[in-house]
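Working through the structure, step by step
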Amino acid sequence: MSNQTSAQGTPQQGMLFGDLLADLGPDTGYRGKVACHAAGITYRQLDYWARTGLVEPSIRNAQGSGSQRLYSFRDILVLKVVKRLLDTGVSLQQIREAVAHLKDRGVEDLSTITLMSDGASVYECRSRDEMIDLIEGGQGVFGIAVGRVWREIEGSLADLPTEEATAEVPAVDELAARRRARRSAS
């Protein structure tokens, strides 16, 4: 997912493994509900991870009640990796370290990484030899091929709606709107 430039000269979020998704501009992303669906997590998890800084949306963060977070493709990839690590019993502290490491990586690097873990620590492997060394040393119990997760997300997002961060998103507080409606009816 390298940043590419469209015919109009605007940067685009490219895909690594084909054109399942249309080119996405740098301000185009996915709302929380779509991100949850693609990553296989609950909205409650998404909200908690954003509020605690584990995985924050890189396109638009919530700006108070009623505002919508907007997640990039890469954010959703990290969400799904976090979910898989949690499902295998990796500690939240180790997951935070792995997420920080993934954020520092170039996009092209992500497709070649396999994350291995023994349930306590997370290791990055770039070759089969590294994976075999970890397994033979008793350190690798399971692995997550980030490139494979990438392809899964591309497939699940292909038909889901995107949104532009520059679009006007009214910050509507539902409770305040109900109160106003009751006052005006009285």
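In this text the structure is predicted, and so the values were computed from the model without any measurement. (Residues numbered from 1 in each chain as written. Predicted model: local features only at pLDDT ≥ 70, side-chain atom pairs only at ≥ 80, totals over all residues. Heavy atoms only, no water.)

1. Comments concerning the pattern of salt bridges
Once their charged atoms are close, side chains differing in charge can pair, the charge on each being opposite to the other. What the rule picks out here adds up to eight salt bridges. A salt bridge links Asp47 to Arg69, with the shortest nitrogen-to-oxygen separation between them at 2.8 Å. Of the two residues, Asp47 sits in helix α2 (residues 43–51) while Arg69 sits in the loop between α2 and β4 (70–71), which places them 22 residues apart along the sequence. Residues Glu163 and Arg60 are paired through a salt bridge, measuring 2.8 Å at the closest nitrogen-oxygen approach. With Glu163 in strand β8 (residues 163–164) and Arg60 in the loop between α2 and β4, this pair connects stretches of sequence that are 103 residues apart. With relative accessibility at 13%, the residue Glu163 sits in the buried group. (Salt bridge = Lys/Arg side-chain N within 4 Å of Asp/Glu carboxyl O. Helix = DSSP H or I, 4+ residues; strand = E, 2+ residues; numbered from the N terminus. Buried < 20%, exposed > 50% of the residue type's maximum accessible area, 1.4 Å probe, protein only.)

2. Observations concerning the nonpolar core
By size, the foremost hydrophobic cluster in this structure holds 37 residues, and its most contacted members are Ile76, Leu79, Val82, Leu85, Leu115 and Leu157. Those elements that place two or more of their residues in this core are α1 (32–39), α2, α3 (73–87), α4 (92–104), β7 (142–145) and α7 (146–157). Per-element accounting of this core gives the leading share, eight residues, to α3. Among residues more than four places away in sequence, those in contact with Val82 are Trp49, Leu54, Val55, Ile95 and Val99. (Core = buried A, V, L, I, M, F, W, Y, C linked by side-chain atoms within 4.5 Å. Contact = heavy atoms within 4.5 Å.)

3. Concerning the pairing of β7
Burial along β7 is one-sided: Phe142 and Ile144 are buried, and none of Gly143 and Ala145, which face the opposite way, are. Across four bridges, the pairing between strand β5 (residues 114–117) and β7 is antiparallel. For Thr114, the partnering residue across the bridge sits in β7 and is Ala145. (Pairing = 2+ DSSP bridges.)

4. Section: the confidence of the model for the protein
In this model, the protein carries an average pLDDT of 77, and 74% of its residues clear a pLDDT of 70 or more. Here strand β1 (residues 3–5) stands out as the element of the protein with the lowest mean pLDDT, 40, in contrast to α2, whose mean of 95 is the highest. Contacts of residues 1–22 to residues separated by more than four positions or lying in other chains number 61 contacts, the stretch itself having pLDDT below 50. (pLDDT = per-residue confidence, 0-100.)

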